[in-house]
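Structural features, examined
Now for the letters of each chain:
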Amino acid sequence: MGKNDQPVVSMSGITKRFLDVTANRDVSFQLHSGEICALLGENGAGKTTLMNILFGYYACDAGEIFIKGEKVNLSAPKDAISRGVGMIHQHFALVASQTVLENIVVGTASRKGIFLDLASARQALVRLQERFGLQIDPDARVWTLSVGEQQKVEILKALYRDVDILIMDEPTAVLAPAETSDLFNTLRSLVQEGRSVVFISHKLNEVMDISDRIVVLRAGEVVAERKTSETSARELANLMVGRELLESIEKTERAPGDPVLNIKKLNVLNDKKLAAIADLNLTVRQNEILGMAGISGNGQTELSEVLFGMRSPSQGVIEINERSLKLGNPAASIQSQMGRIPEDRIGTGLLMDLSVEENFILENHASAAFQAYGLMKSQKIHNFSDRLIKAYNIKTAGRDAITKSLSGGNLQKVMLARALAGEPSLIVASQPTRGLDVGAMEYIHQRLVEERQRGAGILLISDDLDEIFALSDRIVVLYEGKIMGEAPGATASREQIGLWMSGVMA
Ligand SMILES: Nc1ncnc2c1ncn2[C@@H]1O[C@H](COP(=O)(O)OP(=O)(O)OP(=O)(O)O)[C@@H](O)[C@H]1O
Ligand SMILES: [Mg+2]
């Protein structure tokens, strides 16, 4: 099968509205057999919505869909699956207590009975695994698998259902570098057999590596289409955000100063009462960005929870500006001159039902600038809010807008504005740009570098190696709650850091 055949998917004139938001406007999209097509666009551009329509999850308000030449009316995902369309979301839908095999056959049982089905399913599964190099123990329970392995189960589940059009929504956001290259090998073997893949990602280098063709959405409309061989990451970034992006972040030499954060012999248990952080020692100094690389799930979340006072360690001391921090106490962390950027902006960062202004002052409301004799100085607060909205270019109807109406990138800006407003001497930024588009990411990177220039010390916890390399003066790798290695940001090699991230001591 060639790449110029009749498209296997043809969507035309697709429009989808949510109340007053038009998520897709008159979108036409084609997918050919044997190709990997990347779907790109800023946060809120409409990528997930368009694919949810193709997967039968949302009905469109206008437009037509043809699959393999036939006009279809998809009213549920099962209609899409029966026509060979499968979608793998970033958050998997596997049953953790069941085995790989049980997860794969669920919902496909025939009248033969579950035991016969399992026996023949096992054979079919093994054949698929051999064909696509997706090695995984069929009898392993899903909760014991890594994120990358769970993703393999999702792919096998789709292949088992004879899916030949596979949609993957930000599949690499949570993968280690080695897992990403495994996934890419799998995708390449899938399309070699004439299947087709839609690949959604904010990581432009991955898109350049894996796709054959790229479609760019902006504000719900298709604004460009390119053959991958005829474009560059730079052009794609410009097409997405409609302006030139910086080639790299400017950072001047600065000698590190006094320690702003000192972690001594920290031990932390996770929710399962297992060691999440083991005997961790770490120092962050003024004028430096310490990048903590590592695959999600190696203790990063627990470490930041301890720093933010939301989890008590079993042992250890934390000093901020050489003063011991009261542990397990959120108020103490807030008052400690620490700018806090938690990874979970919706769960722990912002209160979604409050206004933007209320979120701005949430952690500063007791400060003297805003309160006199117990009364809030409302004009001062309004001025403060308006200044932050302007400085950070936050797209919102105004300081009184309800926070949950903001898009992902703008929520992140609200949190950043709040965290940096008090000119903190220490900033703890946990996955600060996860899921953000390149424009929003560039802005946040610039602001963090400006804070370093001002003299702040920054602990940057991130599983995005590009981010770590772009910003860090020094890099440490966290693996199973321990530091696997340390290297200077300027001379560290990606291979070395990648190996440490996978637990290989080389
Ligand atoms: N269920 C929904 N209800 C209301 N609005 C929605 C819903 N789903 C999406 N939207 C809105 O539609 C627009 C497009 O959202 P969509 O999730 O498709 O964007 P995206 O391109 O996938 O963005 P991201 O890169 O952040 O994942 C956004 O403005 C979003 O707020
Ligand atoms: Mg999306």
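The model shown is predicted, which means the values in this text are computed figures rather than measured ones.

With respect to the overall build of the protein
What the protein contains, in helices and strands, is 17 helices and 22 strands. Taking 23 Å as the expected radius of gyration for a compact globule of 506 residues, we find that the protein reaches 24 Å, a close match to that expectation. Over its C-alpha atoms, taken along the principal directions, the protein stretches across nearly 70 × 50 × 45 Å. Counting only residues that meet the buried cut, the protein has 41% of its 506 residues in that class. In the protein, of all internal contacts separated by at least 6 residues, the share reaching a separation of at least 24 is 69%.

Observations regarding the site of ligand 1
Residues in close proximity to ligand 1 total 13 residues, the closest being Phe-18, Ala-23, Asn-43, Thr-48 and Thr-49. Among the elements of the structure, β2 (21-31) and α1 (47-54) are those that each provide at least two residues to the shell around ligand 1. In terms of residues, the shell around ligand 1 owes the most to one element, α1, which gives three residues. Among the residues forming the shell around ligand 1, the class breakdown is four nonpolar, eight polar and one charged.

What to know about the sheet that holds strand β11 (residues 259-269)
The strand order across the open sheet formed by four strands is β12-β11-β14-β15, and the pairing between neighbours is antiparallel. If you trace the sheet from one side to the other, it starts and ends with β12 (275-285) and β15 (323-324), each paired once. Where β11 meets β12, seven bridges bridge the pair, whose relative direction is antiparallel. If you follow Pro-259 over to β12, its bridge partner there is Arg-285.

Details of α1
Three- or four-residue spacings in an α-helix give side chains the same orientation, since the helix completes a turn every 3.6 residues. For α1, the buried fraction is high: eight of the eight residues fall into the buried class. Listed in full, the buried residues belonging to α1 are Lys-47, Thr-48, Thr-49, Leu-50, Met-51, Asn-52, Ile-53 and Leu-54.

Considering the packing of helix α14 (residues 408-420) against helix α15 (residues 438-454)
Their axes nearest at 10 Å, the elements α14 and α15 cross at an angle of 10°. Comparing the axis directions of α14 and α15 gives the class roughly parallel. For the pair formed by α14 and α15, the contact residues are Gly-409, Gln-412, Leu-416 and Leu-420 on the first element and Ala-440, Ile-444, Arg-447 and Glu-451 on the second. Split by residue class, the contact of α14 with α15 holds four nonpolar, two polar and two charged.

What to know about the domain arrangement of the protein
Here the protein is described as being made up of domain 1 (1-84 + 165-170 + 193-244), domain 2 (90-163) and domain 3 (259-501). For domain 1 versus domain 2, the distance between C-alpha centres works out to 27 Å. Opposite the six residues of domain 1 that make contact, domain 2 presents five residues. Considering each element in turn, the side of domain 1 that touches domain 2 owes the most residues, three residues, to strand β7 (residues 165-169). Its residues placed into classes, the side of domain 1 that touches domain 2 shows three nonpolar, one polar and two charged.

A short note on unusual backbone geometry
Located in the positive-phi region is Asp-162, a residue other than glycine, with phi close to 60°. Summarising the element assignment, Asp-162 is placed in the loop between α5 (147-160) and β7. Using a count of 10 C-beta atoms within 10 Å as the deciding quantity, one classes Asp-162 as exposed. The phi dihedral of Glu-170 falls on the positive side, at around 50°, and the residue is not glycine.

Describing the environment of Glu-235
With respect to the element layout, Glu-235 can be found in helix α8 (residues 233-241). Assessed through the 15 C-beta atoms surrounding it within 10 Å, Glu-235 is described here as partly exposed. Glu-235 sits 38 residues away from Val-197 along the chain, and the two C-alpha atoms are 23 Å apart.

Some points on the environment of Val-100
Mapped onto the secondary structure, Val-100 falls in helix α3 (residues 100-105). Considering only alpha carbons, one finds Val-100 and Glu-250, 150 residues apart in sequence, at a separation of 47 Å.

About the cut-offs
Residues numbered from 1 in each chain as written. Chains lettered and ligands numbered in written order. Predicted model: local features only at pLDDT ≥ 70, side-chain atom pairs only at ≥ 80, totals over all residues. Helix = DSSP H or I, 4+ residues; strand = E, 2+ residues; numbered from the N terminus. Rg over C-alpha atoms; globule rule 2.2 N^0.38 Å. Buried ≥ 20, exposed ≤ 12 C-beta atoms within 10 Å, placed from the backbone. Contact = placed C-beta atoms within 7 Å. Near = placed C-beta within 6 Å. Nonpolar A, V, L, I, M, F, W, Y, C, P; charged D, E, K, R; others polar. Pairing = 2+ DSSP bridges. Axes fitted to C-alpha atoms, helices over the stretch in contact; angles between N-to-C directions. Parallel < 35°, antiparallel > 145°, perpendicular 65-115°, else oblique. Domains from an automatic or database assignment.

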